[in-house]
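Close look at the chain arrangement
The lines below spell out each chain.
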Amino acid sequence: MLNILDIIQDWIKEILRECITGNLDGMFDQINTEVGEVAANVGTTPAAWNAGVFSMIRNLSDNVIVPIAGIIITFVLCYELISMLMEKNNFHDFETFALYKWVLKGFIAVYLVTHTFDLTMAIFELSQNVVQQSAGIINGSTEIDFASAVGDIAAQLETMEIGELFGLLVESMLLKITMPILSLCVMIVLIGRMIEIYIYCSIGAIPFATMTNRDWGQMGNNYLRGLVALGLQGFFIMICVAIYSVLVSQISSAANIHAAIWQCAGYTVLLCFSLFKTSAVSRSIFNSH
């Protein structure tokens, strides 16, 4: 009777070991792929990321937004001229230099609007250069090699009883479900940032049309700060990945397979949370609303 029970117990253990090994096998491959491509994604310019979307956004800016910005320039310049004349005691104390200054402001405003796309791309080219340089400095591996982290998994499973194996099976199943979700979160952050860049570029002519006016210029200044913050968000993303690579390299010090699993999961969740926070951090630094 005892032999039969031992055989059944060994059979259950073998099934649990196979299920656990199957769950752990390739569990972190998808998240490793997504994190490994972060540097390439954030270092890509809007033109190179998707040429079709970039061409559409540029056409919308040139053919739809720029004409509207021209109307806004006309209104802003008329408003500024009237304000300038009224400030000088209703024409009684008018200076010719003020008129030259008004013409210069008009020229600058027109130049900014007609070259909006080139200026926005120049800002992003500069920020992408910063990201690429930081990628060259960050040399740590971001891949989670679970087998090397915990050593011989099969040997550790052999020493476990049914209760512990069942608990480990539940843990591995839970992480098997959550890992694809976390990798999707990483992808959403990267794609969402690029879509936000395209939106910013498409409407840039309108805030640029207000930059030369003292009263209306706050719109353009805030847009410019937001543009810089959005560009340098890629740099903050690279910092998050660098911290993640350092934490991942320390997983090999885990006491057992349970600790290694939850360390891997915890660091990945922390990375996703940090990536979502990079936008708010960047905007707060540059005081962009």
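To be clear, the structure that these remarks concern was listed above.
Below is a summary of the structure that appears in this document. These numbers were taken from a predicted model, which means no experiment stands behind them.

Turning our eyes to something else, we now look at the pattern of salt bridges. Summed over all chains, the structure comprises three salt bridges. The salt bridge involving Arg58 is made with Asp62; its shortest N-O contact spans 3.9 Å. Here Arg58 pairs with Asp62, and both are found in helix H5 (residues 51–87), just four residues apart, close to one helical turn. Residue Arg58 is classed as partly exposed on the basis of its relative accessible area of 29%. The salt bridge involving Glu196 is made with Arg283; its shortest N-O contact spans 2.3 Å. Taken as a pair, Glu196 in helix H10 (residues 162–203) and Arg283 in helix H13 (residues 257–285) lie far apart in primary sequence, 87 residues in all. For Arg283, a relative accessible area of 18% corresponds to the buried category. When salt bridges with common partners are traced through the structure, they connect Arg58, Asp62 and Asp118 into a single cluster.

What follows concerns the nonpolar core. Counting residues in each nonpolar core, the largest one holds 24 residues, and the members touching the most others are Val38, Val42, Val186, Leu190, Ile237 and Leu275. Put simply, the parts of the chain that give this core at least two residues each are helix H3 (38–42), H10, helix H12 (217–249) and H13. For this core, the leading source of residues is H10, giving eight residues. Residues within four places of Val38 in sequence aside, it is in contact with Val186, Leu190, Ile237, Met238 and Val241. Grouped together as the second largest cluster of nonpolar side chains are 15 residues, Phe117, Tyr200, Cys201 and Leu227 included.

What counts and how
- Residues numbered from 1 in each chain as written.
- Predicted model: local features only at pLDDT ≥ 70, side-chain atom pairs only at ≥ 80, totals over all residues.
- Heavy atoms only, no water.
- Salt bridge = Lys/Arg side-chain N within 4 Å of Asp/Glu carboxyl O.
- Helix = DSSP H or I, 4+ residues; strand = E, 2+ residues; numbered from the N terminus.
- Buried < 20%, exposed > 50% of the residue type's maximum accessible area, 1.4 Å probe, protein only.
- Core = buried A, V, L, I, M, F, W, Y, C linked by side-chain atoms within 4.5 Å.
- Contact = heavy atoms within 4.5 Å.

Note that every value here comes from positions in space, so none of it alone points to a role or purpose.
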